[in-house]
Amino acid sequence: MNRLSDDQVAAVRNATDAFAEAIASNNWSAYARVFAEDALVMPPNEPAIQGRKAIQEWGSALTVTDFTESSIVVAGRSGVAYVRGEYSITFLHGQMDKPVTEDGKFLEVWEEQADARWLLVVDIWNTDSPPPDG
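Below: a short report on this structure. From a predicted model like this one, the values you see are computed outputs, not experimental measurements.

A short note on the layout of surface pockets
Quantified by volume, the largest pocket comes out at close to 610 Å³. Lining the largest pocket are 29 residues, with Pro44, Tyr87, Phe91, Glu102 and Trp125 positioned closest to its centre. Put simply, the parts of the chain that give the lining of the largest pocket at least two residues each are α1 (6–24), α2 (28–33), β3 (62–77), β4 (80–93), β5 (100–112) and β6 (118–127). Broken down by element, the lining of the largest pocket gets its largest block of residues, 5 residues, from β5.

Written out as structure tokens, the structure is:
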């Protein structure tokens, strides 16, 4: 298996930048377009979400007021890349009455498409915050 080329790493980084910008700007249609049609999202403390349409609907319930990613590492082989890093987010979800701020880490799996675009196929993250009471 061949390691990712510098151009492939740059393309994945560009895709992750677009993904982060979509989250930060609450642009849930742009957010969903980053995912493969049958992608899987695994948020903390919730069931997994599968499929681009369901992922967009899930994201649309969020109101993000601040979002950053850091410590981004991109690696992979033969058209499959993984991206890992850390995030900080402030958001409201669903019927929440006050924003939540959390820091955490994530792992994403990206696949290169025939047209050289990179799409997100698996996204999992978890918070560094303690579990909620109850």
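Text resumes after the structure shown.
Some points on the pairing of β3
Of the strand pairs in this sheet, β3 and β4 are connected by 13 bridges, and their pairing is antiparallel. Within β4, the position partnered with Thr63 by the bridge is Leu92. Between the antiparallel neighbours β3 and β4 lie 2 residues, among them Ser78 with a positive phi of about 45°.

Conventions adopted
Residues numbered from 1 in each chain as written. Predicted model: local features only at pLDDT ≥ 70, side-chain atom pairs only at ≥ 80, totals over all residues. Heavy atoms only, no water. 1 Å grid on protein atoms, 1.4 Å probe; cavity = no way out; pocket = protein on both sides within 12 Å on 5 of 7 lines; lining within 4 Å. Points joined across faces, edges and corners; volume = space filled by probe spheres on them. Helix = DSSP H or I, 4+ residues; strand = E, 2+ residues; numbered from the N terminus. Pairing = 2+ DSSP bridges.

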